[in-house]
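# Residue-level structural notes
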Amino acid sequence: MDLNLIKQFVLKCGNLYLENINGYIVPKTLISFNGQEIPLINNRNNALINNKSSYSECFEDDINRKISRGEEYLYYIPEFPIIIENRDLWNNILSFYGAYRPDFIHTNYFFLDYFFPSLNCCVEIDSNYHDRKELYDKARDLYIYKTYGIATTRFMCYNRDNKQAYLNKLNRFYESILNRFSKWNIAINNNFTYIDYSETIINNFIIKNKQALEFIDKLIYYFGNWGFYTNDVIKISYQDLSKIDYRNFSNNTSIYKKNSPEKLLLNGILVLIEQLYGKKLEIV
């Protein structure tokens, strides 16, 4: 399996496998711990619509007003996805807080209410509901800090009466970062916080296309590097299919059935060989 080739292909394919969220490359889907596909971007789009509250609307109004007045460091990304890539760290943090529950352990991702890349922090607009999941919130806050250095500040029931104290917290974040960067003579930009999901995107692609990729490896071995790489068209018979991969192609008659597993797998193989290697596979 040529991982470099797969990486170049997947990251080049744009909206097939990934989404650009304000300069951050995020996978469109995730493969969960139990092999289920999660529509991450669709879930985020739903959260952008459904996760509004009077507290969050009040917060957005105040922040947008400040940005329009030139306070660009308050640029934010709503409902930013944080993928739990380091499951060992996540499980250790849950154990540390005594929150080792199945529903917490099986968490695959969470959304940050408001991610401020220039401040290297996020704001969570909480309501009294969060009193029932305090340990989970502490675990996720520590996970994103340990993984990305993103500090979380929680604004409880943000409203006109308490907003100034909360907004002062954001100013203190900015001042501390500004002081640190001025010492290093580095300019702050909107994508100051570094997050790289490319490995997850590539792994998702490999997991989803595991059988087809394994077959291509066997095909290359069957024809040899010279026979495979020097021909633009690779011709094989149905008998060759069973020789190359008897487990999946032992019953050649199933290949003719429109929606049989064998037919679907073969279609996937044909597409991947053309996309990855620029070659055509012909069954003769």
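None of these values were measured; they are calculated from a predicted model.

### Describing the packing of aromatic side chains
Tallied over the full model, the rule gives 27 aromatic pairs. Where phenylalanine 59 meets phenylalanine 155, the ring centres are 5.7 Å apart and the plane angle is 75°; that geometry is what we call edge-to-face. With phenylalanine 59 in helix α3 (residues 54-68) and phenylalanine 155 in strand β8 (residues 151-156), the pair connects residues that are 96 residues apart, well separated along the chain. Its relative accessible area of 0% is what places phenylalanine 59 among the buried residues. Taking the centre distance of 5.1 Å and the plane angle of 85° together, the rings of phenylalanine 228 and tyrosine 229 count as edge-to-face. Three or more aromatic residues joined by ring pairs form one cluster here, namely Phe59, Tyr76, Tyr114, Phe116, Phe155, Tyr158 and Tyr166. Between the NZ or CZ atom of lysine 279 and the centre of the ring of phenylalanine 228, over which it lies, the distance is 5.7 Å.

### Overview of the environment of isoleucine 93
Within the secondary structure layout, isoleucine 93 lies in helix α4 (residues 87-96). Taking the C-alpha atoms as reference points, isoleucine 93 and aspartate 103, 10 residues apart in sequence, are found 14 Å from one another. Residues in contact with isoleucine 93, not counting those within four places in the same chain, are Ala139, Leu142 and Tyr143.

Here is what the cut-offs are and how they apply
Residues numbered from 1 in each chain as written. Predicted model: local features only at pLDDT ≥ 70, side-chain atom pairs only at ≥ 80, totals over all residues. Heavy atoms only, no water. Phe/Tyr/Trp six-rings, centres within 6.5 Å; stacked < 30°, edge-to-face > 60°. Helix = DSSP H or I, 4+ residues; strand = E, 2+ residues; numbered from the N terminus. Buried < 20%, exposed > 50% of the residue type's maximum accessible area, 1.4 Å probe, protein only. Lys NZ or Arg CZ within 6 Å of the ring centre and 35° of its normal. Contact = heavy atoms within 4.5 Å.

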